[in-house]
Protein chains: 2
Amino acid sequence: MSSENQELRAVGLKVTLPRVKILQILENSDTKHLSAEDVYKALIEAEEDVGLATVYRVLTQFESAGLVSRHHFEGGHSVFELMSDDHHDHIVCDSCGKVEEFFDHTIEQQQERIAQKFGYKITDHSMYLYGICAACQAETK
Amino acid sequence: MSSENQELRAVGLKVTLPRVKILQILENSDTKHLSAEDVYKALIEAEEDVGLATVYRVLTQFESAGLVSRHHFEGGHSVFELMSDDHHDHIVCDSCGKVEEFFDHTIEQQQERIAQKFGYKITDHSMYLYGICAACQAETK
DNA sequence: TTTGTTGTTGATTTTAATTTTCGATAACTT
DNA sequence: AAGTTATCGAAAATTAAAATCAACAACAAA
């Protein structure tokens, strides 16, 4: 039995072809952040006959199940990323759209302190740095 | 001449009734973050006959002009906030939706360091902490 | 202050992302 | 294998936001 099957069962989702395929796409993609459209295109390419509505449905189910997390980058629409236990933040290139990830202990600690100061019990946080990456800086020279 | 008029001229926007009214609404609102719909509702209440399309247009113009900044809180759609020269980040209550602001020097510094490490030239950043505020924590007890 | 030019407006249409609906179908149970 | 129930795909519906366009208002010049 494939590992995808187990993962789906583990979170209480029935094992269906669309769900398995979408999970595989997320796992095998080299870009970590995929929009619903991206996933749909990947399905088309793989000659899998899965409707766009199903993609949206399944991604939302995956989110509720804690398999993926949904991000709203600047500009609005959702991108999805496989959940992993290693938390990280994002740095995005305004020019080419590249997204890199980082983890910074100092920042994490500081966030905790701030939350305490305000009396909040933190459930989540997001941090995005926007800028021009080295490659794009070189280009415009 | 009203201060709104001056502000508009200062950023090179022609002084018109919709723009003045919308600016006033942003300035006088007790919630700092307003969606286009929020602004529109406020206009209706003030019996100002301004179309929704104009609200979107004006808010976008205000953004380009640097009068307001646009945020994409979790859940998608845009909210606008009057620009002020004091930069700050946000802490949002998942339960009641309250938004508070903070500025933390350590975090700002650290972001700069991270950007350097990745070779990015930072243009902007956003940071959101999500959690349950003190009041809401008390309620569920 | 009238007039002319140009930018702005409101109503409506359009777009794009996402969600819902619903009959057909596939997954798990017995 | 058969029944129950969730899931699916296609298409329609919804939503936020942007674009269109003729009527109109702001500012400048006469």
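Residues numbered from 1 in each chain as written. Chains lettered and ligands numbered in written order. Predicted model: local features only at pLDDT ≥ 70, side-chain atom pairs only at ≥ 80, totals over all residues. Heavy atoms only, no water.

## Focus: the overall build of chain A
Here comes step 1: The helix and strand tally for chain A stands at six helices and five strands.
Here comes step 2: In terms of overall dimensions, chain A has a C-alpha envelope of 45 × 45 × 25 Å along the principal axes.
Here comes step 3: Per-residue burial over chain A gives 40% buried out of 141 residues.
Here comes step 4: Once local pairs closer than 6 in sequence are excluded, the contacts in chain A between residues at least 24 apart make up 46%.
Here comes step 5: For chain A, the exposed surface amounts to about 7800 Å²; the carbon and sulfur share of it is 49%.
Here comes step 6: Side-chain charges of chain A comprise 13 positive and 24 negative groups, with the mean position of each set lying 6 Å from the other. (Helix = DSSP H or I, 4+ residues; strand = E, 2+ residues; numbered from the N terminus. Buried < 20%, exposed > 50% of the residue type's maximum accessible area, 1.4 Å probe, protein only. Contact = heavy atoms within 4.5 Å. Areas by Shrake-Rupley, 256 points an atom, 1.4 Å probe, with all protein chains shown as cover. Lys, Arg positive; Asp, Glu negative; His and termini not counted. Charge placed at Lys NZ, Arg CZ, Asp CG, Glu CD.)

## Overview of the protein's contact with DNA strand D
Here comes step 1: Around DNA strand D, the structure places 19 residues, and the nearest of them are T16(A), R19(A), D49(A), T54(A) and R57(A).
Here comes step 2: One nitrogen or oxygen atom from the side chain of R57(B) is found 3.4 Å from a base oxygen belonging to DNA strand D.
Here comes step 3: Looking at the surface near DNA strand D, the element that brings in the most residues is helix α4 (residues 52–65) of chain B, giving four residues.
Here comes step 4: Grouping the amino acids of the surface near DNA strand D by side-chain chemistry returns six nonpolar, six polar and seven charged. (Near = heavy atom within 4 Å. Polar contact = N/O pair within 3.5 Å; in protein donor to acceptor, adjacent residues only side chain to side chain. Nonpolar A, V, L, I, M, F, W, Y, C, P; charged D, E, K, R; others polar.)

## Thoughts on the domain arrangement of chain A
Residues and elements named next belong to chain A.
Here comes step 1: As far as domains go, chain A holds domain 1 (3–82) and domain 2 (89–139).
Here comes step 2: Here the C-alpha centre of domain 2 lies 24 Å away from the C-alpha centre of domain 1.
Here comes step 3: In this assembly, seven residues from domain 1 lie in contact with six residues from domain 2.
Here comes step 4: Both faces considered, domain 1 and domain 2 share a buried interface measuring about 530 Å² in area, 57% of it formed by carbon and sulfur atoms.
Here comes step 5: The interface formed by domain 1 and domain 2 includes one salt bridge.
Here comes step 6: On inspection of domain 1 and its partner domain 2, the count reaches three residue pairs in polar contact (both at pLDDT 80 or more).
Here comes step 7: Here the residues of the side of domain 1 that touches domain 2 are counted per class, giving one nonpolar, three polar and three charged. (Domains from an automatic or database assignment. Buried area = accessible area lost by both parts, 1.4 Å probe. Salt bridge = Lys/Arg side-chain N within 4 Å of Asp/Glu carboxyl O.)

## A short note on the protein's contact with DNA strand C
Here comes step 1: Contacts to DNA strand C come from 19 residues, most closely from Y56(A), T16(B), R19(B), T54(B) and R57(B).
Here comes step 2: Here the atoms of DNA strand C within 4 Å of the protein split so that 70% fall in sugar or phosphate, with bases taking the remainder.
Here comes step 3: The backbone of S78(A) places a nitrogen or oxygen atom 2.9 Å from a phosphate oxygen of DNA strand C.
Here comes step 4: In the model, a sugar or linking oxygen of DNA strand C is placed 3.2 Å from a nitrogen or oxygen of the K14(B) side chain.
Here comes step 5: Among the residues forming the surface near DNA strand C, the class breakdown is six nonpolar, six polar and seven charged.

## Here we look at the sheet that holds strand β3 (residues 89–93) of chain A
Here comes step 1: The six strands are arranged β4(A)-β3(A)-β5(A)-β5(B)-β3(B)-β4(B) in an open sheet whose pairing can be described as mixed. Here the strands that pair on one side only, and so sit at the sheet edges, are β4 (99–102) of chain A together with β4 (99–102) of chain B. For this sheet, the mean angle separating the axes of adjacent strands, direction not counted, is 20°.
Here comes step 2: Pairing of β3(A) with strand β5 (residues 121–132) of chain A, which is carried by four bridges, proceeds in the parallel orientation. By the bridge assignment for β5(A), V92(A) is matched with Y130(A).
Here comes step 3: Packed onto the sheet, helix α5 (residues 105–118) of chain A meets β3 and β5 of chain A together with β3 (89–93), β4 and β5 (121–132) of chain B and runs at close to 130° relative to β5(A).
Here comes step 4: Taken strand by strand, helix α5 (residues 105–118) of chain B contacts β3, β4 and β5 of chain A together with β3 and β5 of chain B, and its axis lies near 130° from that of β5(B). (Pairing = 2+ DSSP bridges. Axes fitted to C-alpha atoms, helices over the stretch in contact; angles between N-to-C directions.)

## So, the interface of chain B and chain A
Here comes step 1: The partner chain A presents 39 residues to the 38 residues of chain B that form the contact.
Here comes step 2: The largest per-residue losses of area from chain B upon contact with chain A belong to H72(B), F118(B) and Y120(B), which jointly make up 20% of the total buried on that side.
Here comes step 3: Taken together, chain B and chain A are joined by zero salt bridges.
Here comes step 4: Scanning the region where chain B abuts chain A turns up 16 residue pairs in polar contact (both at pLDDT 80 or more).
Here comes step 5: For the side of chain B that touches chain A, the elements supplying multiple residues, two or more each, are β3, β4, α5, β5 and α6 (134–139) of chain B.
Here comes step 6: Considering each element in turn, the side of chain B that touches chain A owes the most residues, 12 residues, to β5(B).
Here comes step 7: Here the side of chain B that touches chain A is composed, by residue class, of 18 nonpolar, 12 polar and eight charged.
Here comes step 8: With 11 bridges connecting them, β5(A) and β5(B) associate as antiparallel partners. Considered in β5(B), the bridge of I122(A) is made with G131(B).

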